[in-house]
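# Examination of the molecular architecture
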Amino acid sequence: MEWLIELDGNILLWIQEYLRADWMNGFWKGISFLGNAGWFWIMLSVLLLLFKKTRKAGIAGAAALLISALITNVCLKNLVARIRPYEVLKNLELLIPAQKDFSFPSGHTSASFAAAVAYFRVLPGKWAGVCIVLAALIALSRLYVGVHYPTDVLAGAVIGIFSGWVGAEMVKKYKRL
C-alpha cells in the first residue's frame, strides 16, 4: 500500500513539473470551478427538467448527483479522512484555495461523472458525449491544480459512473415521466 501512496504523490509532482504551464493555469482553474459544489451539473439538470423531451435526463442527472453526494461527501470522505496532497507533499504548489474537506474520493469527479453518465444513458445525441468529455476534464483539473491524488480522482470516477448508471436506471423504470 505504501508504494501506491508514493506513486500517487509522484504523479502529482510529475504533473506539476512537466505538464503545468502558466498559459494553461487559467483554463484548468476554470474547468475545476465548474465542479464546485456540483453547481454546473445541478443547473444543467434543472434546465433539462424544463423541457418534456429532456425531462428524464434532468431527473436522472439529479438522482445521480444525490446518490453521488451521499456516497462521496456524506460517507466516504469522512470515513476515510484522507489528508489533501498539498498538506503532505512539501514541493506541491496549490493553484486554487485550500479545500475545507478531505481528499478521498474526489467530489468534483464523482458529481461530474454521475451527471454525465446519467445524461449519456438517457439523452439521445451528441450532447451527452460532450458531458462525458467535460466530466473527464474536470477530473483531470483536480490533479492539475493539486487538490487531489490520482486515486482520489479514480475512486470519484468509479462512484460517479455507478451513481449515473443507477440514476438512469431509476428513471428508465418509470414510463410516465
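Everything discussed here concerns the structure shown above.
The sections below set out a description of the structure shown in this document. Since the model is a prediction, treat every value here as computed from it, not as a measurement.

Conventions used here
Residues numbered from 1 in each chain as written. Predicted model: local features only at pLDDT ≥ 70, side-chain atom pairs only at ≥ 80, totals over all residues. Heavy atoms only, no water. Helix = DSSP H or I, 4+ residues; strand = E, 2+ residues; numbered from the N terminus. Axes fitted to C-alpha atoms, helices over the stretch in contact; angles between N-to-C directions. Left-handed = near helix turned anticlockwise from the far one by under 90°. Contact = heavy atoms within 4.5 Å. Core = buried A, V, L, I, M, F, W, Y, C linked by side-chain atoms within 4.5 Å. Buried < 20%, exposed > 50% of the residue type's maximum accessible area, 1.4 Å probe, protein only. 1 Å grid on protein atoms, 1.4 Å probe; cavity = no way out; pocket = protein on both sides within 12 Å on 5 of 7 lines; lining within 4 Å. Points joined across faces, edges and corners; volume = space filled by probe spheres on them. Nonpolar A, V, L, I, M, F, W, Y, C, P; charged D, E, K, R; others polar.

### With respect to the environment of Y149
Mapped onto the secondary structure, Y149 falls in the loop between α7 (127-144) and α8 (150-172). The spatial distance from the C-alpha of Y149 to the C-alpha of G107 is 12 Å, given a sequence separation of 42 residues.

### Here's the deal with the packing of helix α6 (residues 107-122) against α8
It is at 7 Å that the axes of α6 and α8 come closest, and there the two elements cross at 35°. Remark: the crossing between α6 and α8 carries right-handed chirality. In this structure, α6 uses T109, S110, F113, A114, V117, A118, R121 and V122 to contact α8, whose residues at the interface are V153, G156, A157, I159, G160, I161, S163, G164, W165, A168, E169 and K172.

### Some points on the nonpolar core
Counting residues in each nonpolar core, the largest one holds 36 residues, and the members touching the most others are W41, Y119 and Y144. Of all the secondary-structure elements, those providing two or more residues to this core are α1 (2-18), α2 (22-34), α3 (39-49), α4 (55-80), α6, α7 and α8. For this core, the element with the highest residue contribution is α7, accounting for eight residues. Non-local contacts of Y144, meaning those with residues more than four positions away in its chain, are made with I15, L19, R20, A21, M24, N25, W28 and L95. Grouped together as the second largest cluster of nonpolar side chains are five residues, A64, A114, A118 and V171 included.

### What to know about the layout of surface pockets
The space that makes up the largest pocket amounts to roughly 270 Å³. Lining the largest pocket are 20 residues; nearest its centre among them are A37, G38, N73, G107 and H108. Elements that contribute at least two residues to the lining of the largest pocket include exactly α4 and α6. No other element matches the six residues that α4 contributes to the lining of the largest pocket. Partitioned by chemical class, the residues of the lining of the largest pocket number five nonpolar, 11 polar and four charged. Size it by volume and the second largest pocket reaches roughly 190 Å³. Lining the second largest pocket are F40, L44, L48, Y119, L123, P124, W127, V130, C131 and L134. Looking at the lining of the second largest pocket, the elements that each hand over two or more residues are α3 and α7.

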